[in-house]
Amino acid sequence: MGNRVFRIRPFLMAVCRRGWKKMLVLALLLAFAMGGYKASTLWPQYKGAAAAEAEESENQVQEEAAAEDSDETSDYLNKKKSTADYSQNMKQINEQIANRSEYLNNSLVARIDAYHEGRSVVDLTVSSDAFEAEKSIAVPTDDSSDGGSSVLSAEESRIVDITRAYAQFVRYGIDWTALMEEFDTSEQYLNEIIKVTRDTQVLNRIEIRVIYPTDQGAARILDEIIRQIEEKQAEISEQIEEHTLTFSNRETAYVIDAEIYNYFTGRINDINTLISGRSTFNSTTAALGSSTPVVRKTISGKRVLKSTVKYAVVGFAGGIVLYLLAGVLLLICAGTAVSGEDFNRAYGFRKLAAVPLPETEKLRGITSLFAGEELAYLSSRNRETAYQIAAENIGELSKGMKSLVLAGDQDQAFLQQMAEQLQKELAANGQELSCIAIGDPTSSPAALRRLREADGVVMTANIGASTYGKTDRITEAVDTYKKDVIGSIVIA
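Note that the structure is predicted; figures quoted are calculated from it, not measured. (Residues numbered from 1 in each chain as written. Predicted model: local features only at pLDDT ≥ 70, side-chain atom pairs only at ≥ 80, totals over all residues. Heavy atoms only, no water.)

Draft legend 1. The arrangement of the environment of Leu42 in detail. Summarising the element assignment, Leu42 is placed in helix 1 (residues 8-69). Judged by relative accessible area, Leu42 falls into the buried class, the value being 8%. Along the primary structure Leu42 and Ser307 are separated by 265 residues, whereas in three dimensions their C-alpha atoms are 8.7 Å apart. (Helix = DSSP H or I, 4+ residues; strand = E, 2+ residues; numbered from the N terminus. Buried < 20%, exposed > 50% of the residue type's maximum accessible area, 1.4 Å probe, protein only.)

See below:
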């Protein structure tokens, strides 16, 4: 079985080379669809904006004129006050929604996948000579529920104070300046991902936990916290008592965190509740009377154009991503060899030659850009020259052999043409070596017989068509008959 090499770039290039025109058509169709959809939803608002503003202005003029001529001036003033209150309340609701949306956009916690949370944890244990000495001579009492005295000694109290000091320092005293710049965030969001827990069983131990979207990021932040704790040790020793620090049980891994899921869901529900409340508040206030302003959805032509273009760009990019994703998945599921270099590396084959197909010789324009890696791997852009190179390498590696077979999953007629071309070049070099095309040796008893009678094997593969599954089957047959593979010829 080949030791498969998976690189995403050859797969992407293979998909683009095969159908970049189809990809462009799909991207344009999605761009028109999404842009058209957005324009159709905004156009009614744009058409009604001018009429709505004119109507609202006229109503306001009539209302003020009626108020001036009416004896109910006080009622009019009350209505104006209600309008101001409404505007203030609506402003506060919108600010709350904006603040929560900004938090979700910037929070490190909000970026964490609850089913793939990066977590780094370490235990910090504080000790001192006096504390250890006291522990060694302590005698538990029979009436204590935890096996010892329930009243802390003076030394135990000092150790608890030291431990509490480190917990407070981690919670409120860490200098986040370097990490804020490194992770492009603020102190508020870094504080959220740190949790300090007192060990209920061991009075001189705390657990420090860091969560982050990646385990490497969590480990990096925990490293910085440990470094600052060690720098803080001298200050706390001077303030309370000389002591030692031990960091243990350090673990960094990806975990599933139900708390994060519940936390994020709660935040989303909070925003939805505010949005729903705004809608209800707006509807209720509108029903109180025509003097209370109703928020109208108005939109400018510039915004219609901007939103339409934005959705069209998203649709275009989405079409490209969708096409590439589908194409790559199809190639991966089929086990298709998309790179001559990766194919030879997977099986450890020597490169005898990389021969261009007739259409590859004529490759020009955009398609040639997507085939850049394979073109660079070709022995020559000229087929005849590439076969001559193959013949030279075969002659060098097949000394002492009289016959070779070409094995691969290509069409038998195609392999026969390859064998005839190689035979011609070998004869031109004065080498008496026969080349026989057998294709898949497991396809017939005759092919297996020729494999058994041959002195060596040349493996072949069509890049973009041959599959690793079929090649595995062929190499297993070659291994069964204990035949040496002198190298490979890949067709691209």
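Draft legend 2. Quick peek at the environment of Gly335. Within the secondary structure layout, Gly335 lies in the loop between helix 9 (301-334) and helix 10 (340-347). Given a relative accessible area of 18%, Gly335 falls into the buried group. Taking the C-alpha atoms as reference points, Gly335 and Tyr468, separated by 133 residues in sequence, lie 5.5 Å from one another. Sequence-distant contacts of Gly335, defined by excluding residues within four places in its chain, comprise Ser466, Thr467 and Tyr468. (Contact = heavy atoms within 4.5 Å.)

Draft legend 3. Layout of the packing of helix 10 against helix 17 (residues 468-480). Their axes nearest at 12 Å, the elements helix 10 and helix 17 cross at an angle of 35 degrees. Between helix 10 and helix 17 lies a crossing whose hand is right-handed. Between helix 10 and helix 17, the contacting residues are Asp342, Phe343, Ala346 and Tyr347 on the first element and Tyr468, Thr471, Asp472 and Thr475 on the second. Looking at side-chain class alone, the contact of helix 10 with helix 17 contains 4 nonpolar, 2 polar and 2 charged residues. (Axes fitted to C-alpha atoms, helices over the stretch in contact; angles between N-to-C directions. Left-handed = near helix turned anticlockwise from the far one by under 90°. Nonpolar A, V, L, I, M, F, W, Y, C, P; charged D, E, K, R; others polar.)

Draft legend 4. Spatial organisation of the packing of helix 14 (residues 383-397) against helix 15 (residues 412-428). Direction vectors running N to C along helix 14 and helix 15 enclose 70 degrees, while the axes themselves pass 9 Å from each other. With respect to their mutual orientation, helix 14 and helix 15 come out roughly perpendicular. Where helix 14 crosses over helix 15, the handedness of that crossing is right-handed. Here helix 14 contributes Glu384, Tyr387, Gln388, Ala390, Ala391, Ile394 and Gly395 to the contact with helix 15, which in turn contributes Met418, Gln421, Leu422, Glu425 and Leu426. (Parallel < 35°, antiparallel > 145°, perpendicular 65-115°, else oblique.)

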